[in-house]
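Descriptive structure summary
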Amino acid sequence: MGYILETSNLCHRFHHQGPALKNINMQVPENSIYGFLGPNGAGKTTTLKIILGLLKKQAGTVSVFGKSFDSDRIAILRQTGSLIESPSLYSQLTAMENLKVFQSIFQCPPAYMQEVLKLTGLNDTGRKQAGQFSLGMKQRLGIAVALLNRPTLLVLDEPTNGLDPNGIIEIRELLKSINREKGTTILISSHLLPEIEKLATHTGIIHKGELLFQGGMDELLLKRNQSSHLLLDTSNAERTISILKEYKIDTKDESGKLLIPTPDRECIAAINQRLVSEGISVYAIQHMQHNLETIFMNLINGN
């Protein structure tokens, strides 16, 4: 799989502060939706600003479309759309008038303005000024501006921040549509883990300037499965613990029930059969998976 964006040992330090980024090695696969996940202040926006040249790189390298950002900055930016922090819009202008301002900069065909308005669901806003738009509509207009140059790579910084649930769903479905129909690779930062889980194909988790995890969402889901446990509820917890020790299985008491790492299926069946044969009633064997939020917290806490 080819990478549309790569950073190598990217470092940054703000004046009189500790390191904001520590050797960030990011790899964004082509045609993916890469969720850049981390708490507020983790270094997400700093990374994206350096990638786009909005912040001067201090150490490391940035490669986009296989080209060095240092030597091919203009060519890279011509194929890149972005929305960092809040959209820069003219509140007294309509959606179409806002696009016309940027169309003169990007030199894109006028017909494409109507296309991106339709794509972002703003084609029926008419003479309504952008200052009267809801927050979600402003975000969609900001994305429409970012799409004007028909980018191969779209970089978005917290585009659902502050939106209500309906607005979050609208942006999520819009980004999926852009990725699916246009083949646009999307790099999106967020502190909302459930949202990234629903949207992204790949993810990178950053905390205190360090990239703690990077890979496909399926790899992160595998971590969840690997960290799953069984909850046993029996009539004799003490004797159950003794039997589990024979299988070299550690137990943890959970309000009178026993939590154990999930063994293979054959072992589960053997344990259940052994308990029943010794007259111990088995009330429940419940599969307990850690959710992604637990995995996320374990990662940032160093577990």
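Being a predicted model, the structure only gives us computed values, none of them experimental. (Residues numbered from 1 in each chain as written. Predicted model: local features only at pLDDT ≥ 70, side-chain atom pairs only at ≥ 80, totals over all residues. Heavy atoms only, no water.)

1. Concerning the confidence of the model for the protein
Using the following cut-off: The quantity known as pLDDT measures the predictor's confidence residue by residue, on a range of 0 to 100. Every helix listed is a DSSP run of H or I at least four residues long, and every strand listed is a run of E at least two residues long, numbered separately from the N terminus.
Of all residues in the protein, 94% have pLDDT values of 70 or greater, and the mean over the chain is 87. By mean pLDDT, the top-scoring element of the protein is strand 3 (residues 27-29) (96), and the lowest-scoring one is helix 11 (residues 292-300) (68).

2. A few points about unusual backbone geometry
How we decide: Exposure classes here rest on a 1.4 Å probe applied to the protein chains alone. A residue is buried below 20% of its type maximum, exposed above 50%, and partly exposed in between.
If you check the backbone angles, Gln-107 has positive phi at about 60° while not being a glycine. Mapped onto the fold, Gln-107 is located in the loop between helix 3 (95-106) and helix 4 (111-119). Phi angles above zero are rare outside glycine, and Ser-255 is one such case at about 55°. Inspection of the secondary structure assignment puts Ser-255 in the loop between strand 13 (252-254) and strand 14 (257-261). Under the relative-accessibility criterion, Ser-255 is labelled exposed at 76%.

3. Observations concerning the pattern of salt bridges
Condition: Definition used for salt bridges: Asp or Glu carboxyl oxygen within 4 Å of a side-chain nitrogen of Lys or Arg.
Under the definition given, this model contains 12 salt bridges. Of the charged contacts in the structure, one is a salt bridge between Arg-239 and Glu-278, with a shortest N-O distance of 2.9 Å. Of the two residues, Arg-239 is situated in helix 9 (residues 237-246) and Glu-278 in the loop between helix 10 (265-277) and strand 15 (282-288); the sequence distance between them amounts to 39 residues. On the basis of relative accessibility, which here comes to 28%, the residue Arg-239 falls in the partly exposed class. In this structure, the salt-bridge partner of Lys-252 is Glu-254, at a minimum N-O distance of 3.9 Å.

4. Regarding the side chain of Thr-185
Filter applied, for reference: Any pair of N or O atoms that falls within 3.5 Å is considered a polar contact. Within protein, one atom must be able to donate a hydrogen and the other to accept it, and sequence-neighbouring residues count only if both atoms are side-chain atoms.
Mapped onto the secondary structure, Thr-185 falls in strand 9 (residues 185-190). Under the relative-accessibility criterion, Thr-185 is labelled buried at 1%. Of the polar contacts made by the side chain of Thr-185, one reaches the backbone nitrogen of Asn-31; its length is 2.7 Å.

5. Comments concerning the layout of surface pockets
Where empty space is left becomes clear once a probe the size of a water molecule has been rolled over the atoms. The test is simple: The distinction between a cavity and a pocket rests on a 1 Å grid over the protein atoms alone: a 1.4 Å probe fits inside a cavity but cannot get out, while a pocket stays open yet meets protein on both sides within 12 Å along at least five of seven lines, and a residue with an atom within 4 Å of a point counts as lining. Grid points are joined across faces, edges and corners, and a volume is the space filled by probe spheres set on the points. Residues are grouped as follows: Ala, Val, Leu, Ile, Met, Phe, Trp, Tyr, Cys and Pro are nonpolar; Asp, Glu, Lys and Arg are charged; every other residue, Gly included, is polar.
When its volume is computed, the largest pocket comes out at roughly 490 Å³. When residues of the lining of the largest pocket are traced back to their parent elements, those giving at least two are helix 2 (73-78), strand 7 (80-83), helix 3 and helix 5 (135-146). In terms of residue count, the dominant contributor to the lining of the largest pocket is strand 7 (4 residues). Taken together, the residues that form the lining of the largest pocket break down as 12 nonpolar, 7 polar and 1 charged. Taken together, 16 residues form the lining of the second largest pocket, with Gly-41, Ala-42, Gly-43, Lys-44 and Thr-46 sitting closest to its centre. When contributions to the lining of the second largest pocket are tallied by element, the ones reaching two or more residues are strand 2 (19-24) and helix 1 (44-51). Among the residues forming the lining of the second largest pocket, the class breakdown is 4 nonpolar, 8 polar and 4 charged.

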